[in-house]
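Per-entry structural report
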Amino acid sequence: MSGNPLIAPAPPGYEPVPARVLTDISTLPCDLYIWRGPRPVLYAMKGGELRKVISRAQRGMSFLVRDVDSDLLRGALAAALPTVLANQRMTPVERSKTAYSIVAKVLSPVFTREHALDHDGLILTHQAIDAITLHLLDDEEMVWAMVATMQKHLATHTHAINTAVYSIVLARFMKFGSADAIRDVARGGLLHDIGKNRVPRSVLDKPAALDSAEWQVMRTHVKSGHDMIIRALGYQPAYAHIVAEHHERCDGSGYPAGRLASGIALDSQLVGVVDAFDALTTRRPYRAPVTAFDALHIMRVAMRGQFSDELLKEFIKLLGGYGTAAAGLEGLDVANVMRVAG
Ligand SMILES: [Fe+2]
């Protein structure tokens, strides 16, 4: 399995903080440490001077925080996202990379088996993705920068962010509905696979085809995800059905209910399309990624009937425009664009 560049090693009791996420916070929410010698050394104290932290962060150096301070840091980072996204001192690509790292940081415990999905974690997750949605609705340049920034290595939470970003971008492109409707598509896209927390790693990462018993276990993630969210929030949010329906397919071949297109909500279908696209274009333990072109071909031909023609057509149009728009972005990683856009 390829490593996750967002996660650096850390000693027990500490977790790593990617340097760039700290560049736009206004006050240090907790103590920061650096790892020098046998144990971490205190570098900057909570509420303290940010200048030296930012200058170190700008040089790409990383920090550690104590596990017990993790929630404080994630709260401050989620609150800083709107500032990061609007920061005109950074290029759109730099802003996107920072925003992506922040969302990954906010999300990572939510997708970690040891941590149950709790109310506060879920609210923080909403806050982070809502900031992205709100910004992308108004900023065309950032839309393309976010698409270019996607991490295409295997990690459940990077797949979650990618699915959410594609969902926002496609919904926006299609003029899918109100800002609230697009916010809910984004939340659903982000949390669609949260139920995989309950699927054993031996099944999730099996480097071979799943047998029928394993498939049965895998398929439980749609209902368990839906139920986990309702349990954590204490009510049924407007996007819960997306989590439950994202594997239903228009020709009735999906699960859990085998519904036909007319019985599947359009926002669930939209998330189903971008989920499949991101899964195909991402490296998995059991197969290499395919190009965007091949992924769309597979979805149109080999999987004919499973996805709405209309949604697929819009997605193809969107990605077709992407190559052109992205070419004008300052500082864009062209190799990455070609890999994503195919
Ligand atoms: Fe799924």
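Residues numbered from 1 in each chain as written. Predicted model: local features only at pLDDT ≥ 70, side-chain atom pairs only at ≥ 80, totals over all residues.

Now for the overall build of the chain. Within the chain, the secondary structure is distributed over 15 helices and four strands. Restricting the contact set of the chain to residue pairs at least 6 apart, pairs at least 24 apart contribute 70%. (Helix = DSSP H or I, 4+ residues; strand = E, 2+ residues; numbered from the N terminus. Contact = placed C-beta atoms within 7 Å.)

This part is about the packing of helix 3 (residues 92–107) against helix 4 (residues 119–138). Helix-helix packing: each pair is described by the crossing angle between the helix axes and the interaxial distance. With their axes 9 Å apart at the nearest point, helix 3 and helix 4 run at an angle of 165 degrees to one another. Taken together, helix 3 and helix 4 sit at an angle that is classed as roughly antiparallel. For the pair helix 3 and helix 4, the crossing hand works out as left-handed. Contacts between helix 3 and helix 4 involve Ala99, Ile102, Val103, Val106 and Leu107 on the former and, on the latter, Leu124, Thr125, Ala128, Ile129 and Ile132. Residue composition of the contact of helix 3 with helix 4, grouped by class: nine nonpolar, one polar and no charged. (Axes fitted to C-alpha atoms, helices over the stretch in contact; angles between N-to-C directions. Parallel < 35°, antiparallel > 145°, perpendicular 65-115°, else oblique. Left-handed = near helix turned anticlockwise from the far one by under 90°. Nonpolar A, V, L, I, M, F, W, Y, C, P; charged D, E, K, R; others polar.)

Our focus in this paragraph is the confidence of the model for the chain. For the chain, per-residue confidence averages 86 on the pLDDT scale, and residues scoring 70 or more make up 89% of the total. Note that pLDDT drops below 50 for residues 1–7; the model gives that stretch twelve contacts with residues more than four away or on any other chain. Counting contacts from residues 326–342, a segment whose pLDDT is below 50, to residues more than four positions away or on other chains yields 31 contacts. (pLDDT = per-residue confidence, 0-100.)

Turning our eyes to something else, we now look at unusual backbone geometry. Note the cis peptide between tyrosine 255 and proline 256, where omega equals 10 degrees. Within the secondary structure, proline 256 sits in the loop between helix 11 (240–245) and helix 12 (266–280).

The pairing of strand 2 (residues 32–36) with strand 3 (residues 39–44) spans five bridges and is classified as antiparallel. Paired with tryptophan 35 across the bridge in strand 3 is proline 40. With antiparallel pairing between neighbouring strands as the criterion, strand 2 and strand 3 make up a hairpin whose turn holds two residues, including glycine 37 at a positive phi of roughly 75 degrees. (Pairing = 2+ DSSP bridges.)

Time to look at the environment of leucine 28. By the secondary structure assignment, leucine 28 is in the loop between strand 1 (14–17) and strand 2. Taking the number of C-beta atoms within 10 Å as the measure of exposure, leucine 28 has 19 and is therefore partly exposed. Separated by 18 residues in sequence, leucine 28 and lysine 46 place their C-alpha atoms 5.2 Å apart. Excluding residues within four positions of it along the chain, leucine 28 makes contact with Ala44, Lys46, Gly47, Gly48, Leu50 and Val53. (Buried ≥ 20, exposed ≤ 12 C-beta atoms within 10 Å, placed from the backbone.)

Let us look at the environment of histidine 221. As for its placement among the helices and strands, histidine 221 is situated in helix 10 (residues 221–233). In this view, histidine 221 contacts Asp193, Gly195, Lys196, Arg198 and Val199; residues no more than four positions away in its chain are not counted.

In this section: helix 13 (residues 292–302). Three or more residues of helix 13 are buried, namely Ala292, Ala295 and Leu296. Down the axis of helix 13, the smallest arc covering the buried residues is 95 degrees, so these residues share one side. Along helix 13, the residues that are exposed and aim more than 90 degrees away from the buried face are Val301 and Ala302. (Arc of directions from axis to C-beta.)

Attention shifts here to the environment of leucine 296. On the secondary structure map, leucine 296 appears in helix 13. Residues leucine 296 and valine 273 lie 23 residues apart in sequence; the distance between their C-alpha atoms is 9.8 Å.

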